[in-house]
Amino acid sequence: MTSVLLVAEIDDQGAISQTTLQAVTAANGLTSAEITAVVAGEATEPVTSLAVGKIVTISAIDDADIGVYDQATTDIAALVSSTKPDIVVFGKSDFGSIVGARLAFRSDSAFASDCIEISNADGTVKITRPVYGGSALAEFEISSTPAIVTLRAGAYEPDGETGSPAVEAFASNERASRTVSVTDTVSEARDGVRLEDANFVVSGGRGLGGPEPFSVLADLAQALDGAVGASRAACDAGWIDHSHQVGLTGKSVSPDVYIAIGISGASQHMAGCSSSRAIVAINKDADSNIFKEARFGVVGDWEKVLPSFLATVRELKA
Amino acid sequence: MTVRIVVLAKQVPDPETPPSQFKIDESTNSVIPANGVPPVVNGFDLNAVEAALRLRDSGADVEITVLSVGSDFVMDAMKKPLAMGADRLVLVDDAGLDKLDASATVKVLAAVIEKDGPFDLILGGRQASDWDQGHVALGLAEVLGLPLVSLVQKLEMDGASVSLQRVIPDGYQMITAPVPSILTITNELGEPRYPNLRGIMQASRKKPEILSLGDIGLTSDDLAPRLELKRLYVPESNRQVELIKGEDEADSGKKLALRLREEKLI
Ligand SMILES: Cc1cc2nc3c(=O)[nH]c(=O)nc-3n(C[C@H](O)[C@H](O)[C@H](O)COP(=O)(O)OP(=O)(O)OC[C@H]3O[C@@H](n4cnc5c(N)ncnc54)[C@H](O)[C@@H]3O)c2cc1C
Ligand SMILES: Nc1ncnc2c1ncn2[C@@H]1O[C@H](COP(=O)(O)O)[C@@H](O)[C@H]1O
């Protein structure tokens, strides 16, 4: 029977991360046996309701390890070599991307990242992942073990199931050599809801023409209790901080409504927002790719469209 | 003392290829090169070249080697880092090397680095824009047993170590890493410089150093893939946009808000 190890991640609020809850759904679909979850990091709330058969705790991730994950990789590699799972599943995140890749090369096994689908047919793991910025999909087979995968945010829904797994601690004797040291962390101040959690996101792109219009976007976001996003072009131009970037190499969002203003809809941008319930586009070019992705759209100059849109939203909300 | 830097650079299809020209040959599971759109050096790898050049600008005595594994290299594209100011271009050019997976690519890169090294810094891009993985530099660090810092947006030499800024979702970390280390560079570092005329002239005179698999002691048998590609295709999109048209653009904005309310979206 296929054995699956889920690497659970604790988010910055101390809870099991959303991508982990999504990964539980995927992991449970890979085997009829109970799965084991290794919990990396310190949770502030009990994690014992996770719908898995067993939880193994390691306490590897301290502040000095975040972003480097030397010790986390060492501990998870030790667990993998002692329990020999067939499949190791991570949610895709900074943590999953780094530890997954390092683990795969350390154990000389296969690594598939950012998968949107995973299945298991008699020991052959099949995965689908977007490639070429999302312009194409690739299906791969992995027949060596362990198969190590990360899953794209939003690819699976948390199934809402809970369990009552046994909990045991795992301590590897190996200390990673800490040659890299994290000396400080500088975080952007954020007001309002987190971009990743927002039900409403309004994003601006190169078509905004400069930094000032982002304040109008912020007004709209505020009126709808949402958050402001941006395309990479707008971030690279320095109009807004990169922490607002949505896309393949930015954040993944799946709000109820995603409004793209002056954004052409490049596949790499859409990779971060295509699981939104409704995409709304305001763009002056009717041939722009964004209209192939959007559910509602206005062809026009945002400078003329946006003020009346904002005013009407405010009236509706009043 | 000269700081030896190797920048890992991959030739990829131009990611700005218009979607209408992006086509796949499903019988060979490969991208059909778009007419008149030449390949480019992967964007993040040019950010890595820029990072190395900024170390030189800041006064360090650096030698910059650009290393690429592939086949069917287009010299105009691959010489861009030289035109920007890099010193050497080393190409491992052999049949099938453009189709390697990450584990095989790491084997080839490690073999060249062992032969041509030692290097003080190995810089890679954040990810290659063809397979969008971000595995190779991380794997190379594991295989060579070197310290690794990914997603670097700023780097400064500081004697025997490097001071780095590493991008995280809501800001950055300050990190000190020893030399030698492997770093991956992200676009937050800033735009790669444009080659000037003098750079272009110099690059045109430089000859790439070309290696075959045999030259680095490998055969194609060493390069079996870990991931087997079964199918590559362009997904169909069946979304249908509803365009909102008012009397003028302002009216369209108003009608859009009303329509979203009607759908209970706002
Ligand atoms: C490996 C890789 C990773 C990437 N990752 C990301 C990512 O994570 N996120 C991301 O966003 N991009 C990413 N990109 C970049 C992506 O390919 C595009 O270049 C980028 O998204 C374009 O941004 P844009 O739509 O703002 O700009 P453009 O493509 O320049 O589009 C601007 C749009 O504004 C419209 N416009 C202009 N003026 C007006 C006006 N007055 N009113 C209304 N509309 C107007 C134009 O019609 C046009 O459609 C990545 C690229 C690569 C190669
Ligand atoms: N064939 C290659 N030749 C040289 N460098 C490469 C090659 N493939 C990947 N790299 C380097 O590894 C980084 C990550 O690539 P990837 O893991 O394929 O996304 C790239 O940005 C390059 O710096």
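## Notes on the overall build of chain A
In terms of regular secondary structure, chain A is built from eight helices and 16 strands. A buried classification covers 56% of the 318 residues belonging to chain A. Pairs at least 24 residues apart make up 61% of the contacts formed inside chain A by residues separated by at least 6 positions. For chain A, the exposed surface amounts to about 12,700 Å²; the carbon and sulfur share of it is 45%. The positive charge centre, built from 22 side chains, and the negative charge centre, built from 41, are 4 Å apart in chain A.

## A short note on the site of ligand 1
Contacts to ligand 1 come from 29 residues, most closely from Arg206(A), Ser231(A), Ser264(A), His269(A) and Asn283(A). Residues within reach of ligand 1 are spread across chains A and B. Residue Gln245(A) places a side-chain N or O atom 2.9 Å away from an oxygen atom belonging to ligand 1. If ligand 1 stood free it would expose 1,000 Å²; the protein chains cover 86% of that surface. Among the residues making up the shell around ligand 1, the classes are represented as eight nonpolar, 15 polar and six charged.

## Some details on the domain arrangement of chain B
Considered domain by domain, chain B is made up of domain 1 (3-223) and domain 2 (237-266). Spacing between the C-alpha centres of domain 1 of chain B and domain 2 of chain B amounts to 45 Å.

## So, the sheet that holds strand 14 (residues 257-261) of chain A
One open sheet holds the six strands; their spatial order is 13(A)-12(A)-14(A)-15(A)-16(A)-15(B), and the pairing between them is parallel. Where the open sheet ends on each side, the last strands, each with one partner, are strand 13 (227-230) of chain A together with strand 15 (242-243) of chain B. In the sheet, strand 12 (residues 200-204) of chain A pairs with strand 14 of chain A via five bridges, with the strands oriented parallel. Residue pairing across strands places Ser203(A) opposite Ala260(A), the latter belonging to strand 14 of chain A.

## Remarks on the interface of chain A and chain B
Chain A puts 78 residues into the contact, and the matching count from chain B is 73 residues. Buried area between chain A and chain B, summed over both chains or domains, comes out near 6,700 Å², and the portion from carbon and sulfur atoms is 58%. Among the residues of chain A in contact with chain B, Phe105(A), Tyr132(A) and Phe296(A) are the three that bury the most area, contributing 12% of the side total. Put simply, Arg166(B) and Asp94(A) hold a salt bridge, and the shortest N to O gap is 2.8 Å. At the junction of chain A with chain B, the criterion picks out 34 residue pairs in polar contact (both at pLDDT 80 or more). For the side of chain A that touches chain B, the residue count by class is 35 nonpolar, 24 polar and 19 charged. Bridge count for strand 11 (residues 181-187) of chain A against strand 11 (residues 171-178) of chain B is six bridges, and the pairing is antiparallel. Each residue of the ladder has a partner; that of Thr185(A), found in strand 11 of chain B, is Gln173(B).

## Thoughts on the site of ligand 2
Residues and elements named next belong to chain B. Of all residues adjacent to ligand 2, which total 17 residues, the nearest are Leu8, Asp45, Gly134, His135 and Val136. Between ligand 2 and Leu8 there is a distance of 2.7 Å, counted from an oxygen atom to a backbone nitrogen or oxygen. In the environment of ligand 2, an oxygen atom lies 2.8 Å from a nitrogen or oxygen atom belonging to the backbone of Gly125. Compared with its free state, where it exposes 480 Å², ligand 2 has 98% of that area covered by protein. Of all elements in the fold, only strand 6 (62-70) and strand 8 (121-125) reach the threshold of two or more residues within the shell around ligand 2. If one sorts the elements of the shell around ligand 2 by residue count, strand 6 sits on top with three residues. A class-by-class count of the residues in the shell around ligand 2 yields six nonpolar, nine polar and two charged.

## Section: the side chain of Asn47(B)
When you line up the elements, Asn47(B) lands in helix 1 (residues 43-57). Once residues within four sequence positions are removed from consideration, Asn47(B) is found in contact with Ile185(B), Thr186(B), Asn187(B), Leu189(B), Gly190(B) and Pro192(B).

## Re the sheet that holds strand 8 (residues 136-142) of chain A
Read across the sheet, four strands follow the order 6(A)-7(A)-8(A)-14(B) without closing on themselves; strand pairing throughout is antiparallel. The open sheet has two free edges, formed respectively by strand 6 (117-121) of chain A together with strand 14 (228-233) of chain B, since each of these has just one partner strand. Recorded for the sheet is a direction-independent mean angle of 20 degrees between the axes of neighbouring strands. Pairing between strand 8 of chain A and strand 14 of chain B: five bridges, direction antiparallel. If you follow Phe140(A) over to strand 14 of chain B, its bridge partner there is Leu229(B).

## Let's talk about the state of the cysteines
All names here are of chain A. For the structure shown, the criterion picks out zero disulfides over all chains. Free cysteine: Cys235, not disulfide-bonded; nearest cysteine sulfur from Cys273 at 13 Å. For Cys235, a relative accessible area of 3% gives the class buried.

## Thoughts on the pattern of salt bridges
Within the structure shown, the criterion is met by 32 salt bridges over all chains. Between Glu228(B) and Lys230(B) there is a salt bridge, and its shortest N-O distance comes to 3.3 Å. Exposure remark for Lys230(B): the relative accessible area of 39% places this residue in the partly exposed category. Taken together, the shared-partner salt bridges connect Arg295(A), Glu242(B), Arg259(B), Glu262(B) and Glu263(B) into one network.

## Points about the domain arrangement of chain A
Residues and elements named next belong to chain A. Parsing chain A into structural domains produces domain 1 (2-169) and domain 2 (195-317). Each of domain 1 and domain 2 was reduced to a C-alpha centroid, and the two centroids are 31 Å apart. The interface of domain 1 with domain 2 comprises eight residues on the first partner and five residues on the second. Both sides of the domain 1 and domain 2 interface together cover about 480 Å² of buried area, and 46% of this is carbon and sulfur. Broken down residue by residue, the surface that domain 1 buries against domain 2 is led by Gly133, Arg152 and Ala153, which jointly contribute 68%. In this assembly, domain 1 and domain 2 are joined by zero salt bridges.

The rules we used
Per chain, residue numbering runs from 1 following the sequence as it is written. Key to labels: chains lettered from A, ligands numbered from 1, both in the order written. pLDDT decides what is reported in this predicted model: residues at 70 or higher carry local features, side-chain atom pairs at 80 or more are listed and counted, and totals for whole chains, interfaces and linings draw on all residues regardless. Water and hydrogen atoms were dropped before computing side-chain values, which therefore reflect all heavy atoms in the structure. Secondary structure follows DSSP: runs of H or I at least 4 residues long count as helices, runs of E at least 2 residues long count as strands, and numbering of each begins at the N terminus. Relative accessibility decides the category of a residue: with a 1.4 Å probe and only protein chains considered, values under 20% of the type maximum give buried, values over 50% give exposed, and everything between is partly exposed. Contacts are assigned to residue pairs that have any heavy atoms within 4.5 Å of one another. Accessible surface area values rest on a Shrake-Rupley calculation with a 1.4 Å probe, where residue burial reflects the displayed protein chains alone. His residues and chain termini do not enter the charge count, which takes Lys and Arg as positive and Asp and Glu as negative. Where a charge lies is defined by one atom per residue type, namely NZ (Lys), CZ (Arg), CG (Asp) and CD (Glu). Nearness here has a simple test: a residue counts as near a molecule or strand if at least one of its heavy atoms is within 4 Å of that partner. In protein, a polar contact means a hydrogen-donor-capable atom and an acceptor-capable atom, both N or O and within 3.5 Å, with residues adjacent in sequence counting only if both atoms are side-chain atoms; elsewhere, any N or O pair within 3.5 Å suffices. Under this grouping Gly is polar, as are all residues other than the nonpolar Ala, Val, Leu, Ile, Met, Phe, Trp, Tyr, Cys and Pro and the charged Asp, Glu, Lys and Arg. These domain limits were set by an automatic method or by a database of domain assignments. Here, any two strands with at least 2 DSSP bridges between them count as paired. Here the quantity called buried area is the total loss of accessible area, with a 1.4 Å probe, experienced by two parts when brought into contact, counted for both. Any carboxyl oxygen of Asp or Glu that lies within 4 Å of a side-chain nitrogen of Lys or Arg is treated as forming a salt bridge with it. Simply put, an axis is a line fit to the C-alpha atoms, just over the touching stretch for a helix, and the angle between two N-to-C directions goes from 0 to 180 degrees. A pair of sulfur atoms, both from cysteines and within 2.5 Å, is called a disulfide here.

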